[in-house]
Amino acid sequence: ANAFTTASRDDDDDDDDPATAKKKRLTCEVWMKRDTRVVGLTVAYAYAENESWLFDYADLRKLNFDDQEFAEDAPYDQARRPIYDPHPYLSREDPVLQLTLPGAITFAFPRTLADDACKGIVSLDWTHGDQRSQVDRVFDTPDASLASFEVTDTLAEPPNNAKP
């Protein structure tokens, strides 16, 4: 799969001093393309007064699909699986939001981010045909600067003769 990512941090308060201004919204996007089909996920956090970032919204977009094709991408019972290769940031004690949708899409990210550490990840896992792909956007700073970007492609179902 081809993939790309973006991030932004908005500064909406009236404080003109960058040293003391609090940023109000942190947004990360991951996009994945296979053939002509594209799946994109935006995850936004809003700054809270307790010096942490709280999950605000997620927006999943699919391009170049008709609804029937998307629904049949993988049967829902087979698609109900967790992220293929969870990043350690998804294994911390902090609460994680993970959602599995029809169309063989699963996404996961932390529900909150501490402002001092702000270690986060946005993971998107999509099975399309015989391929399963996962994109992980990892950030370690409160401005969501890219720490790493990983794309994993594998077979949707391992061959019958594969060793566990």
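Predicted model only: the values in this text are computed from it and were never measured.

Here is what the cut-offs are and how they apply
Residues numbered from 1 in each chain as written. Predicted model: local features only at pLDDT ≥ 70, side-chain atom pairs only at ≥ 80, totals over all residues. Heavy atoms only, no water. Helix = DSSP H or I, 4+ residues; strand = E, 2+ residues; numbered from the N terminus. Buried < 20%, exposed > 50% of the residue type's maximum accessible area, 1.4 Å probe, protein only. Contact = heavy atoms within 4.5 Å. Core = buried A, V, L, I, M, F, W, Y, C linked by side-chain atoms within 4.5 Å. Salt bridge = Lys/Arg side-chain N within 4 Å of Asp/Glu carboxyl O. Pairing = 2+ DSSP bridges. Axes fitted to C-alpha atoms, helices over the stretch in contact; angles between N-to-C directions.

Asker: I would appreciate a short explanation of the overall build of the protein chain in the present structure.
Answerer: Broken down by element type, the protein chain carries 2 helices and 10 strands. Overall, the protein chain shows an N-to-C arrangement of helices and strands of β-β-β-β-α-α-β-β-β-β-β-β. Counting over 164 residues, the protein chain shows a buried share of 38%. Considering only intrachain contacts with a sequence separation of at least 6, the fraction spanning at least 24 residues in the protein chain is 49%.

Asker: Please clarify how the nonpolar core should be interpreted in this entry.
Answerer: Grouped burial of nonpolar side chains is what soluble globular proteins tend to show. The biggest cluster of nonpolar side chains holds 21 residues, and the ones touching the most others in it are Leu-26 and Leu-124. Listed by contribution, the elements that provide at least two residues to this core are strand S2 (25–34), strand S3 (37–48), strand S6 (105–110), strand S8 (120–128) and strand S9 (131–139). Excluding anything up to four places from it in sequence, Leu-26 contacts Ser-8, Arg-9, Val-43, Ala-44, Tyr-45, Trp-53, Leu-113, Cys-118, Phe-139, Pro-142, Asp-143 and Ala-144. If you look at the next biggest cluster of nonpolar residues, it comprises 6 residues, including Ile-83, Tyr-89, Ala-108 and Val-138.

Asker: Any chance you could explain the pattern of salt bridges here in plain terms?
Answerer: A side chain of one charge can pair with a side chain of the opposite charge when the charged atoms of the two come close. Taken as a whole, this structure holds 6 salt bridges when the rule is applied. Among the salt bridges present, the one from Asp-59 reaches Arg-61, with a minimum N-O distance of 2.6 Å. Accessibility expressed as a relative area gives 22% for Arg-61, which makes it partly exposed. A salt bridge links Asp-125 to Arg-132, with the shortest nitrogen-to-oxygen separation between them at 3.0 Å. Residues Asp-125 and Arg-132 agree in their burial class; the two are buried. Linked by salt bridges that have partners in common, Glu-29, Asp-59 and Arg-61 make up one network.

Asker: Even after reading the chapter, I still don't get the sheet that holds S2, so can you show me in this structure?
Answerer: Pairing between the strands of a sheet is mediated by backbone hydrogen bonds and can be parallel or antiparallel. One open sheet holds the 5 strands; their spatial order is S1-S2-S3-S4-S7, and the pairing between them is antiparallel. Strand pairing shows two members of the sheet lacking a second neighbour, strand S1 (2–10) and strand S7 (112–114), which therefore form its edges. This sheet shows a mean twist of 20 degrees between the axes of neighbouring strands, independent of strand direction. For S1 and S2, the ladder comprises 9 bridges, and the chain directions are antiparallel. Opposite Phe-4, over in S2, you have Trp-31 as the bridge partner.

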